[in-house]
Amino acid sequence: MARIVIVSNRVPSPNERGPRAGGLAVGLADALKDGGLWFGWSGEIAKTSRSEVKRVEADGITYATIDLCQEDYDRFYVGFANSTLWPLLHFRLGLIDFKREDLEGYIEVNRTYAAALALELRPDDLVWIHDYHLIPLGQELRKLGVKNRLGFFLHIPFVPASLFTALPQGNQLLRAFCAYDVVGFQTDEHRRDFLDCIEQILGLKAESDGQVETSTGRMQAIANPIGIDARGFAALATKAERSPETQRLKASLVGRALVIGVDRLDYSKGLPNRFDAFGRLLNSFPEHRQKVSYLQIAARSREDVSEYQAIRRELDRKAGNINGRFAEFDWVPLRYMTRAVGRNTLAGFYRAARIGLVTPLRDGMNLVAKEFIAAQDDNDPGVLVLSRFAGAAEDLSEALIVNPFDPDEIAEAMHQALIMPLDERKDRMARLRGRVFTVTAEAYCREFLKALAA
Ligand code: GDG
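Being a predicted model, the structure only gives us computed values, none of them experimental.

Topic: the overall build of the chain
If you tally the helices and strands in the chain, you get 16 helices and 15 strands. In terms of C-alpha radius of gyration, the chain reaches 22 Å, essentially the compact-globule figure of 22 Å for 454 residues. Taken along its principal axes, the extent of the C-alpha atoms in the chain is 65 × 50 × 45 Å. With 454 residues in all, the chain has 57% of them scored as buried. In the chain, the proportion of contacts linking residues at least 24 apart, taken out of those at least 6 apart, comes to 76%.

Structure follows, in structure tokens:
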């Protein structure tokens with residue numbers, strides 16, 4: 001069997017047990033357990049220029065990492081990846097802060113990664129590259145003569161051609177996709193938008209099965225939704241129900257219904273609208289006052305990017321307004337924290353919640369929606385309120401699907417969830433669980449690697 005090589009911007013440390021150790025890391029590590037290689041950035045900033053590749057072996061997997069220097073980090077990561085590509089591919093043209101030197105830094109870092117990775121590769125390795133930081137990596141590997149099967153998966157959305165053309169030198173980036181044998185997207189909508197760009201901007205013809213004849217060979221675009229380790233997460237949640245943290249949370253609710261939101265603190269996640277929606281719930285449906293508590297965990301991320309500082313200030317203000325307006329001396333309606341909590345704790349909190357609020361303005365998939373579902377108690381499940389613009393909505397139609405741009409609609413869905421009879425909650429959740437336990441992290445890896453090996 002061919003060796004699997006995974007490349008991602010951040011390589012998890014083999015011993016990562018911290019609060020962020022996520023399901024995808026588990027799913028991918030599983031695909032590598034027969035002796036694979038995981039290559040990428042260490043997460044460290046080197047003091048001078050780029051350093052050598054560092055290798056650690058654990059459980060049969062080789063983790064090979066490289067540091068970035070400060071200038072690379074600023075131009076590649078903070079700059080082009082997170083201040084141009086991230087807003088562009090989340091439909092937020094107004095937030096793009098493009099600089100030519102950032103694009104140059106982005107290409108240079110990909111070139112450096114390619115040079116280091118090429119030395120690690122064996123002829124029949126299957127190479128699977130992840131996400132928007134590394135789009136040109138396949139093309140840079142090809143320039144070095146690498147002939148291996150190369151796959152790429154985009155974790156975030158893709159945009160229609162009319163938006164993509166806003167990207168300076170976008171043709172160059174689109175051409176970089178053509179160096180891969182397989183390009184994967186979370187949903188069929190993202191895949192279609194990508195193929196439209198290929199046709200309209202590059203003038204190439206896409207077949208109905210997503211195959212594209214390029215100047216150097218064939219590329220196939222596939223839709224392959226990511227999932228979680230649903231069984232593992234369900235077991236974690238059942239166990240965490242009795243944990244001291246979950247018990248403390250339940251005691252603090254004194255019988256009130258818990259509404260939970262869990263997101264990286266990111267403008268794509270629709271948090272201001274969600275806070276507004278909660279305010280409108282308390283205003284328009286006063287019967288729920290003092291009967292619900294909304295806990296929003298919004299772990300800080302990308303604090304070097306100015307837009308992330310702005311959203312944090314906005315949320316601080318909105319949270320203050322809601323609590324100032326509605327709180328009673330013995331009831332704080334909104335609990336808002338920007339610290340990450342442990343994964344076990346999170347699982348127990350999801351299980352204790354009556355409503356899971358997942359209302360991104362755009363999202364590739366959204367794993368929180370799937371974790372919330374996996375964590376529920378079949379006998380007394382909560383209700384998922386889900387944005388129609390999360391990739392997850394393509395598959396999870398039994399959630400209460402909302403337009404995240406309309407806080408009143410979110411408030412109405414929360415009201416509907418709070419009064420929903422037990423039988424309907426059970427019925428909806430049983431169907432949702434059927435999907436989440438089928439489209440798992442393991443199935444995602446298997447399907448992608450099958451397409452790549454074909
Ligand atoms: C990208 C795409 C796509 C969050 N806060 C805490 C915590 N988390 C964990 C969640 C979940 C993960 O982080 C977030 O995953 P999402 O899928 O919701 O979102 P992104 O980070 O934006 O991920 C997204 C994903 O890639 C995978 O393809 O679904 O669309 O944007 O696992 O649980 N975990 C812990 N503490 C926290 O405070 N332990």
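Observations regarding the environment of His-155
Along the chain, His-155 turns up in the loop between β6 (149-153) and α5 (161-164). Note on His-155: relative accessible area 15%, which makes it buried. Distance in space between the C-alpha atoms of His-155 and Gly-184 is 8.6 Å, their sequence separation being 29 residues.

Describing the pattern of salt bridges
Counting across every chain of the model gives 30 salt bridges. Taking the shortest distance from any N to any O, the salt bridge between Asp-276 and Lys-318 comes out at 3.0 Å. With a gap of 42 residues between them, Asp-276 in helix α10 (residues 271-284) and Lys-318 in helix α11 (residues 306-326) connect regions that are remote in the sequence. What makes Lys-318 buried here is its relative accessible area of 16%.

Side note on empty space enclosed by the protein
Counted under the stated rule, the structure contains 3 cavities of 30 Å³ or more. For the largest cavity, the full set of lining residues is Phe-80, Leu-103, Ile-107, Pro-136, Gln-139, Leu-167, Pro-168, Gln-169, Gln-172, Leu-173 and Ala-176. Mapped by element, the contributors of at least two residues to the lining of the largest cavity are α3 (100-118) and α6 (170-177). Considering only residue class, the lining of the largest cavity consists of 8 nonpolar, 3 polar and no charged.

Some words on the sheet that holds strand β3 (residues 54-58)
If you trace the 9 strands from one edge of the open sheet to the other, you get β3-β4-β2-β1-β5-β6-β7-β9-β8, paired in mixed fashion. Taken across any chain shown, the strands that pair with only one partner, and hence form the sheet edges, are β3 and β8 (211-213). Within the sheet, the average angular offset between the axes of one strand and its neighbour, ignoring direction, is 20°. Two strands pair when backbone bridges link them, and strand β1 (residues 4-10) and strand β5 (residues 126-130) are joined in this way by 4 bridges, in the parallel orientation. Bridging from a neighbouring strand, Ile-6 pairs with Trp-128 of β5. Its contacts with the sheet put α3 on β1, β2 (37-46), β4 (61-69) and β5, and the angle it makes with β4 is roughly 145°.

Describing the packing of helix α13 (residues 367-375) against helix α15 (residues 422-436)
Running from N to C, α13 and α15 cross one another at 120°; their axes reach a closest spacing of 9 Å. The crossing of α13 and α15 is left-handed. Judged by residue contacts, Lys-370, Phe-372, Ile-373, Ala-374 and Ala-375 of α13 engage Met-429, Leu-432, Arg-433 and Val-436 from α15. Considered class by class, the residues forming the contact of α13 with α15 number 7 nonpolar, no polar and 2 charged.

Observations regarding the pairing of β6
The buried count for β6 comes to 4 of 5 residues, which makes it a mostly enclosed element. For β5 and β6, the ladder comprises 5 bridges, and the chain directions are parallel. From the neighbouring strand, Trp-128 faces β6, where its bridge partner is Gly-151. The parallel pair β5 and β6, bridged by helix α4 (residues 137-143), forms a crossover whose chirality is right-handed.

Description of the environment of Phe-185
Counting through the fold element by element, Phe-185 comes out in strand β7 (residues 182-185). When the C-alpha atoms of Phe-185 and Ala-221 are compared, they prove to be 7.6 Å apart, with 36 residues separating the residues in sequence.

Digging into the sheet that holds strand β10 (residues 257-264)
The 6 strands lie next to each other as β12-β11-β10-β13-β14-β15, forming an open sheet whose pairing is parallel. Every interior strand has two partners, whereas the edge strands, β12 (334-337) and β15 (400-402), have only one. Between one strand axis and the next, the sheet turns through 15° on average, direction left out of account. Looking at chain direction, strand β13 (residues 355-358) and strand β14 (residues 383-387) are connected through 4 bridges and run parallel. Within β14, the position partnered with Leu-357 by the bridge is Val-385. Here helix α12 (residues 343-352) sits on the sheet in contact with β10 and β11 (292-299), set at roughly 140° to β10.

Calculation rules
Residues numbered from 1 in each chain as written. Predicted model: local features only at pLDDT ≥ 70, side-chain atom pairs only at ≥ 80, totals over all residues. Heavy atoms only, no water. Helix = DSSP H or I, 4+ residues; strand = E, 2+ residues; numbered from the N terminus. Rg over C-alpha atoms; globule rule 2.2 N^0.38 Å. Buried < 20%, exposed > 50% of the residue type's maximum accessible area, 1.4 Å probe, protein only. Contact = heavy atoms within 4.5 Å. Salt bridge = Lys/Arg side-chain N within 4 Å of Asp/Glu carboxyl O. 1 Å grid on protein atoms, 1.4 Å probe; cavity = no way out; pocket = protein on both sides within 12 Å on 5 of 7 lines; lining within 4 Å. Points joined across faces, edges and corners; volume = space filled by probe spheres on them. Nonpolar A, V, L, I, M, F, W, Y, C, P; charged D, E, K, R; others polar. Pairing = 2+ DSSP bridges. Axes fitted to C-alpha atoms, helices over the stretch in contact; angles between N-to-C directions. Left-handed = near helix turned anticlockwise from the far one by under 90°. Right-handed = clockwise from strand over helix to strand, strands pointing away.

The values are spatial; any link to function lies outside them.
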